[in-house]
2 protein chains.
Amino acid sequence: MNSSGSTKERILGAAEVLFAQRGFDGASLRQLTTAAGVNLAAVNYHFGSKDKLVEQVFRRRLDALNASRLTALAKVAGAADTTLEDVLDAYIRPALDLSHDGSGSLFMRVLARAFAEHDDTLRQFLSANYGHVMRQFTAEFARLLPQLSKPELYWRIDLVTGALTHAMSGFGMIQRQKDVSENAHREETARHLIRFAVAGLSHP
Amino acid sequence: MNSSGSTKERILGAAEVLFAQRGFDGASLRQLTTAAGVNLAAVNYHFGSKDKLVEQVFRRRLDALNASRLTALAKVAGAADTTLEDVLDAYIRPALDLSHDGSGSLFMRVLARAFAEHDDTLRQFLSANYGHVMRQFTAEFARLLPQLSKPELYWRIDLVTGALTHAMSGFGMIQRQKDVSENAHREETARHLIRFAVAGLSHP
DNA sequence: GGTCGGTTCAAACGATCGTTTGAGGATACG
DNA sequence: CGTATCCTCAAACGATCGTTTGAACCGACC
């Protein structure tokens, strides 16, 4: 099937697809290794266990996402003329880019599924490894929205994140038309999200 | 363990808890029947299969949720002095009530997980069985927001739903304090959600 | 050529899964 | 009492799971 890259990378690629389609429990190592065109034992040889493979699937994408977010944030943070749209763009666009990078728009489904499945485990993992990213964005939002108390700001960022996750996962009523390119759909999603988020964040 | 109600109801109750905690694949019928205090074969006897049990878990809660939503909507829909807050309250509050009804705030996790797992299957199920509810709410939103085009309105309702789902599932940064009662937390969530949604729906 | 670490392979391991079976208990009605 | 119906039970079924094993392959280096 997939015949490019090292065995490790072929496994990671097939894992992302199958985990998104069938879930972590639902996707078996036999399906996975068959799709990747590698031997069944390769997963345990290269990753140690199925659980560690799951963790690697996350790390590979989340590292890229958060690095991209921080880079984008650094370009606009702290400036005198920074707008809410700028910061939201830095927050949203890398996520939307990620959601159709590589294996299509699958990773966000993996993430959404993981949120539902691993509960506290994943939450702690995200908080420990990527909490500083949220902290930097929160600080910049706080600078641009000084009238909001901290709890109020947390709530609003939380709701924005919910809308973002929902939109990225492709649930909901809005289905992409077949004749709309992926780029165009992503642009439309980003546009709606940012306008929605600006309104939700800055209302009195 | 659970010793009240019929065997069928004990199974449904235990299933809701375990599906939320471990997922549909992760929760085995042996764990489930042990927790419910019934025999292993009781699931297949009363429900036919594990899949049909999953469907019943959904129906029981979703029927109540949608009935509650429609009742609340009927009280405010079509009136001359209806506000956006009224309709949003009818949309949001039954969901928040459901999320901590009975077995605690577990069902929404079940639903969020199901969204991630069953993808098209669940989407079609929801659309076929409860699509008319969304249609009625959309019509009322359209009446109160005549300046919005249909695609624009769909997008905004979608993003509101994302924020609602996110908040109900208990993900995100906002964690309930231990000294805050469930009712107080639900009120706070509803208040933030409605204000956020009003801003996101009605912005120019 | 020989050998050695890294990798792939087919095969098997024990565990656990959803489901089925057939015997037995419980209750109601004649 | 007889029996018909609904339900529960322990036990087993075949299938599939993640993981392990030990042999075979392979390019690099002496």
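Residues numbered from 1 in each chain as written. Chains lettered and ligands numbered in written order. Predicted model: local features only at pLDDT ≥ 70, side-chain atom pairs only at ≥ 80, totals over all residues. Heavy atoms only, no water.

J.: Would you mind going over the packing of helix α9 (residues 182-202) of chain A against helix α8 (residues 150-169) of chain B in detail, with residue names and values included?
T.: Interaxial distance between α9 of chain A and α8 of chain B falls to 11 Å at its minimum, and their mutual angle equals 65 degrees. By the criterion of interaxial angle, the relationship of α9 of chain A to α8 of chain B is roughly perpendicular. In this structure, the crossing between α9 of chain A and α8 of chain B has a hand that is right-handed. For the pair formed by α9 of chain A and α8 of chain B, the contact residues are E188, T189, H192, L193, R195 and F196 of chain A on the first element and E152, W155, R156, L159 and V160 of chain B on the second. Taken together, the residues of the contact of α9 of chain A with α8 of chain B sort by class into 5 nonpolar, 2 polar and 4 charged. (Axes fitted to C-alpha atoms, helices over the stretch in contact; angles between N-to-C directions. Helix = DSSP H or I, 4+ residues; strand = E, 2+ residues; numbered from the N terminus. Parallel < 35°, antiparallel > 145°, perpendicular 65-115°, else oblique. Left-handed = near helix turned anticlockwise from the far one by under 90°. Contact = heavy atoms within 4.5 Å. Nonpolar A, V, L, I, M, F, W, Y, C, P; charged D, E, K, R; others polar.)

J.: Any details on the protein's contact with DNA strand C? Residues and values, ideally.
T.: Residues in contact with DNA strand C amount to 15 residues; listed here are only the nearest, T7 and H46 of chain A together with L29, R30 and K50 of chain B. Take the atoms of DNA strand C that sit within 4 Å of the protein: sugar and phosphate atoms are 47% of them. For DNA strand C, a phosphate oxygen lies 2.7 Å from a polar atom in the side chain of H46 of chain A. Interatomic distance of 2.3 Å between a side-chain N/O atom of K50 of chain B and a phosphate oxygen of DNA strand C. Going through the elements one at a time, α3 (42-47) of chain A together with α2 (29-36) of chain B are the ones with two or more residues in the surface near DNA strand C. Taken together, the residues of the surface near DNA strand C sort by class into 6 nonpolar, 6 polar and 3 charged. (Near = heavy atom within 4 Å. Polar contact = N/O pair within 3.5 Å; in protein donor to acceptor, adjacent residues only side chain to side chain.)

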